[in-house]
Amino acid sequence: MLDFLGDLRRTHMCGTLRPADAGKKAVLMGWVNKRRDLGSLIFVDLRDRTGVTQVVINAQRDAAIHEKTEALRNEYVIAVTGTVKLRDTSTVNKNIATGEVELVADELRILNESKLPPFLPSDTALTNEETRLKYRYIDLRREVMQFNIELRHKVAKAIRDYLSAQGFFEIETPFMTRSTPEGARDYLVPSRVQPGTFYALPQSPQLFKQILMISGFDKYFQIVRCFRDEDLRADRQPEFTQIDLEMSYPQPERVWEVVEGFLNAAFHAAGVEIKAPFPRMDYDEAIRLYGIDKPDLRLPAFTDVRECFTPENLQELAINSNLPLIAIRTPKVGELSRKERDDIKPMFHPKGGAKIFEDFKRIANKFPEATAAIAKKTAMEDSDLIVLVGGSTQAGSTQTISAQTGLPAAAPTNRKVTPQELAIYASAGLLRLSLAQKYADRHGIFNKTGDDAKDFRFLWVTNFPMFEWDDADKRWNAAHHPFTSPHEEDMPKLETGVESLNDPQSPLSAVRALAYDVVLNGTELGSGSIRIHRQDVQSRIFRALGMTEEEARARFGFFLEALEYGTPPHGGIALGLDRIVMILAGAESLREVIPFPKTARAVDLMVDAPTPVSAAQLRELGIAIKDKG
């Protein structure tokens, strides 16, 4: 027979009782974590989100309660009234915060029963992820998940408090808006009252937050849900939460100060202190030093070691002396076996004629003076691994790749990094990360403990290319988004560039954006820019992207019109809250810090979504389902 809660009120949480509470009456409520029956004594570990308290039921003290306790099983929900008592010294449990006390039960109410769950919150060996997601309500009872969700709350609150104190207003923007197919695919919502028309769930509040600047709310922020219909991975979900902010009259440095301020508050809430200001690096420098636009500063930068070899050495190695010869140093790898060294080559994905020299010892035997110079220039230690990447003299290809996507694309030819150089840098950049990931667990590059585990390396990457050439469609695309402002000094290149839209060598390739990313340990936390606030410049950008005036008006007419009514200069940024919490929690997937995530197939296993809807619902919306084939 189950009991009712009635007017019984909880006085303490299960994880809060301490020796100072000894002798007090207490009412605890929670789940049965474990029951141990020793005959006349039964011990129940009672759990809630704060921790566990041991409850003692003595048959000699109250036979009725003892008999009732015999029916308890794991995950039953109970309320216990009793007296807090100090444990005997020999029975203190040092593994839990409440281990010096116990609750001697005077009353027990069984509030609900539980079937045997497919796994228990107290299990140390985790079940497979699909089972965890299907029974998410059980999974969320686990201590680590309780910690992660509490951490998420603390981080979000710290950010809200900081931005509010800085004069920002938290303003909600619509979830049902118009589709503006740029970048990722939209999730579409059919309208019943306007048959044949659709809303779109927002990929970002971008246009609305810019309109808020036009409206006079000069400091806006929002911790907001966004939606993108794209392929998933460990750090990506179809619906995600971002910290979105916008300011009027800022320089990029002012936006960076605000972001550094709220990140400092967020990390402090998690017990971590970080240093600001963060270092800053031009996009071209990031490519030249790391081969990627989101470098992990925990690893050494590239070293160009061309000058360590004579021209004859380079010719013998079939290395193009006009291109970088990159030394990748991976620290503390130690001695590799022959098989391990052979495994390096398949990790290398050459672009544009890049070639690899994975056996540094073999190079050293043949060119001892050159390798000695390399060791000195790279500050190599005996336990470090050195791999060389250069350009082949045999390759006639000038194929390059996008540093953001890793796919072949045209490089910004009028910038500091040439297309041929970008191919070498990008090939080396991907290998650099693969080497570190392969040896991280074995050699402790990343899996540090104690204070070393909090090695957070922030970086601002700035001055991105404004445009990227799409070789498949023979057109220019926005590298960030089409509302990003170009550098003032690059405006002449923009004006002349729109006259040569079909040319990958157009002056558009040299236009820099007032765009910036904040990066942490190789993960992009957020991306932002100073926005275009002039209608004539915005129209020119749309034109550079191949839009006619009619197309631009059809897609963004309301926004172009708003720009004509006294728009102040403005800029902002959006950071992924899920990613920040994932890093702080030391989790490997966003699913570990999101209460109700989707699988890699964008399925919610707990509620079984998405699912088909009835024919009546489809008729009401005027929609017919056809086979894809």
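Residues numbered from 1 in each chain as written. Predicted model: local features only at pLDDT ≥ 70, side-chain atom pairs only at ≥ 80, totals over all residues. Heavy atoms only, no water.

### A closer look at helix α11 (residues 368–378)
- A370, T371, I374 and T378 are the residues of α11 that are buried. Along the axis of α11, the buried positions cluster into a sector of 95°, meaning they face one direction only. Across from the buried face of α11, at angles greater than 90 degrees, the exposed residues are E369 and K376.
- Tucked into the core, α11 has its buried residues touching β12 (303–304), β13 (326–330), α10 (360–366) and β15 (385–391).
- The positive-phi residue at the C-terminal boundary of α11 is A379, with phi of around 60°. (Buried < 20%, exposed > 50% of the residue type's maximum accessible area, 1.4 Å probe, protein only. Helix = DSSP H or I, 4+ residues; strand = E, 2+ residues; numbered from the N terminus. Arc of directions from axis to C-beta. Contact = heavy atoms within 4.5 Å.)

### A word on the side chain of D48
- Residue placement: D48 occurs in strand β2 (residues 41–48).
- Notably, D48 is buried but unbridged: the nearest opposite-charge side chain belongs to R10, and the N-O separation is 4.1 Å.
- A polar atom in the side chain of D48 sits 2.7 Å from the backbone nitrogen of C14.
- Those residues in contact with D48 that lie beyond four places of it in its chain are R10, M13, C14, G15 and M29. (Lys, Arg positive; Asp, Glu negative; His and termini not counted. Salt bridge = Lys/Arg side-chain N within 4 Å of Asp/Glu carboxyl O. Polar contact = N/O pair within 3.5 Å; in protein donor to acceptor, adjacent residues only side chain to side chain.)

### Quick look at the packing of helix α4 (residues 143–165) against helix α6 (residues 252–269)
- Across the interface, α4 lies against α6 with an axial gap of 8 Å and an inter-helix angle of 140°. In terms of axis orientation, α4 runs oblique to α6. As α4 packs across α6, the resulting crossing turns out to be right-handed. Residues K154, V155, A158, I159, Y162 and L163 of α4 touch α6, and the partners they reach there are E257, V258, G261, F262, A265, A266 and A269.
- Along the lines of polarity and charge, the residues of the contact of α4 with α6 split into ten nonpolar, one polar and two charged. (Axes fitted to C-alpha atoms, helices over the stretch in contact; angles between N-to-C directions. Parallel < 35°, antiparallel > 145°, perpendicular 65-115°, else oblique. Left-handed = near helix turned anticlockwise from the far one by under 90°. Nonpolar A, V, L, I, M, F, W, Y, C, P; charged D, E, K, R; others polar.)

### A closer look at the packing of aromatic side chains
- Applying the stated criterion across every chain, the model contains 16 aromatic pairs.
- Geometrically, the ring pair formed by F309 and F367 is edge-to-face, given 6.0 Å between the ring centres and 80° between the ring planes. Within this pair, whereas F309 is found in the loop between β12 and α8 (311–316), its partner F367 is found in the loop between α10 and α11, the two being separated by 58 residues in sequence.
- By relative accessible area, which is 6% here, F309 ends up buried.
- Residue F367 is classed as buried on the basis of its relative accessible area of 6%. (Phe/Tyr/Trp six-rings, centres within 6.5 Å; stacked < 30°, edge-to-face > 60°.)

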